[in-house]
Amino acid sequence: MAAVLEGSEVHMSTEERGGSGPDPGAGVTIGATVPTGFEPTAAEEVGEKIGAEARIGKDRGRIYFRIGADKLPLVHRLRSVDNLFVVVAEYNNYQFKESKEETLLDLQKLASQLPWTIALEVWKMNNALKKKRGRRRGGNSSVLTPKGDVSKEGDTEADSPRPEDEEGRDEDGGGCAPAERDAADKPLKFRVTCNRAGDKHSFTSNDAARDFGGAVQEFFQWKADMTKFDIEVLLNIHNQELVVGIALTEESLHRRNITHFGPTTLRSTLAYGMLRLCRPQISDVIVDPMCGTGAIPVEGAIEWQQSFFIAGDNNDMAVNRTVNNTNHILKRRQEGGSSAPGLRMDTARWDLCRLPLRASSVDIIVTDMPFGKRMGSRKKNWDLYPSCLREMARVCRPATGKAVLLTQDKKCFAKALSRMGGLWRRSHTVWVNVGGLHAAVYVLKRTGWVYGAAAEDGAEGRGEGEEEELL
């Protein structure tokens, strides 16, 4: 599927130059955007659920994998990806000219030279798949929020089609070259989105999208529309890497299970990635003591149905949002005639420093800790972090318990962890980008220390067999 630039020539297979579309086993390259820092986690999921080997892109937050066209439905079952696209062509060492005018002219010429046919056929297959799922659920009655807007409440399930998908879509001619299209068909509406990274380019993202889009419009005779488009062409540029793709998702999948948002709602894809880091097992008790809107326990209860999740928060509004998000999922299942079991999850209001849980009763703790920006304050974190880490150690099972904690207040967390003495041992850290903030996901393991045996100031010795590990 990918075309590789060698010198000034693009080499592609006969299949990529044309044809009537991919046969069920034909290989196509799928690209996916994922939360930065969780590329290896997403690649692991692709191997587990699809059986494909994923490679991490040069630009952070992207992975690529090849599948047979018949495995397209499996792609939409991935929980760690934000957006999906099919690759039209990929250039690992594209030679951008020093002159802006020459570079943009090259991009214009490129539009008519690309192997569009297979990618467009995959796009058509993807639309048919979404419509089929929409009919199975009784149609699309939900209202999708605009891209990037997380303040509105609406059903954002991954495979929910837009209203435009149900009418006005050119089903027969949508993936054909101009000569193959019926003159009576309505032209598709499209837009080009350019994502560019690198400081050695002579052009801007808008320049590239405008000129490349103009050439695409001329080649296909499509109609440009920046908002109500049928097809979105992607131009991803990272230094000398150039990838042209066609979007398979209308909006990010990271809000798929959330309808009631809070001031700091965690992305569902990031919540899933955090849960995968702790590898839940059958019958595990998993607690989110600062659940917010319930993104972590809701995501976990859907994916790991043999574990049990407890969500709690000290804020009444947060607890209500979690309950409402849970009820929405159950209602959606009921209306769709689903036979899936209910969510193995409970919700409670509590003081996170005095959890109403027995000592050593919890297997895993996963939570998004307050950054001290929109919620709480940096000053309060200096007291909160040590207190909650001690309480987490109390309820977590010694020797086998785990904690996966997200925070942007890294200095405060490191100091608090150093005061825990022999209770927690840091396994590893995943550096992530959360809303433009450089944050960290800390994976901790509960040591064999019995809670209460270690001094709070961290001056005590370590348990037998434990080794010193510095942050």
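Under the annotation held in an unreviewed UniProt entry, the protein carries the name THUMP domain-containing protein and is attributed to Denticeps clupeoides. Recorded under Subcellular location (unreviewed entry), the UniProt text for the protein is reproduced unchanged: "Cytoplasm". Among the UniProt annotations of the protein, the heading Sequence similarities (unreviewed entry) holds the following wording: "Belongs to the methyltransferase superfamily."

Visitor: Would you explain empty space enclosed by the protein in this entry?
Guide: Vacant regions in the atomic arrangement are exposed by a probe of water-molecule size rolled over the atoms. Evaluated as defined, the whole model comprises four cavities of 30 Å³ or more. Every residue lining the largest cavity is counted, 13 residues in all, and those nearest its centre are Trp123, Asp230, Ala247, Thr249 and Glu250. Sorting the residues of the lining of the largest cavity by element identifies helix 5 (116–136) and strand 9 (231–238) as the ones contributing at least two each. With four residues, helix 5 is the largest single contributor of residues to the lining of the largest cavity. Split into classes, the residues belonging to the lining of the largest cavity amount to five nonpolar, three polar and five charged.

Visitor: Even after reading the chapter, I still don't get the sheet that holds strand 5 (residues 62–68), so can you show me in this structure?
Guide: Strand-to-strand pairing in sheets goes through backbone hydrogen bonds, with the strands running parallel or antiparallel. Pairing in this open sheet of eight strands is mixed, and the strands run 4-5-3-6-10-9-7-8 from one edge to the other. Of all the strands in the sheet, just strand 4 (55–56) and strand 8 (223–224) have a single pairing partner and so form its edges. Each of strand 7 (189–197), strand 8, strand 9 and strand 10 (241–247) touches helix 7 (residues 205–220); the most contacted strand, strand 7, lies at about 145° to it.

Visitor: Can you walk me through the sheet that holds strand 16 (residues 424–434) in this structure?
Guide: Spatially, 13-12-11-14-15-17-16 is the arrangement adopted by the seven strands of the open sheet, whose pairing is mixed. For this open sheet the edge positions go to strand 13 (345–349) and strand 16, each flanked by a neighbour on one side alone. Taking each pair of neighbouring strands and ignoring which way they run, the sheet shows an average axis angle of 15°. As paired elements, strand 12 (residues 308–313) and strand 13 share five bridges and run parallel to each other. Within the sheet, the bridge partner assigned to Ala311 lies in strand 13 and is Thr347. Each of strand 12 and strand 13 is contacted by helix 10 (residues 316–335), which is oriented at about 160° to strand 13, the strand it contacts most.

Conventions used here
- Residues numbered from 1 in each chain as written.
- Predicted model: local features only at pLDDT ≥ 70, side-chain atom pairs only at ≥ 80, totals over all residues.
- Heavy atoms only, no water.
- UniProt positions renumbered as here; feature names shortened; annotations may be inferred.
- 1 Å grid on protein atoms, 1.4 Å probe; cavity = no way out; pocket = protein on both sides within 12 Å on 5 of 7 lines; lining within 4 Å.
- Points joined across faces, edges and corners; volume = space filled by probe spheres on them.
- Helix = DSSP H or I, 4+ residues; strand = E, 2+ residues; numbered from the N terminus.
- Nonpolar A, V, L, I, M, F, W, Y, C, P; charged D, E, K, R; others polar.
- Pairing = 2+ DSSP bridges.
- Contact = heavy atoms within 4.5 Å.
- Axes fitted to C-alpha atoms, helices over the stretch in contact; angles between N-to-C directions.

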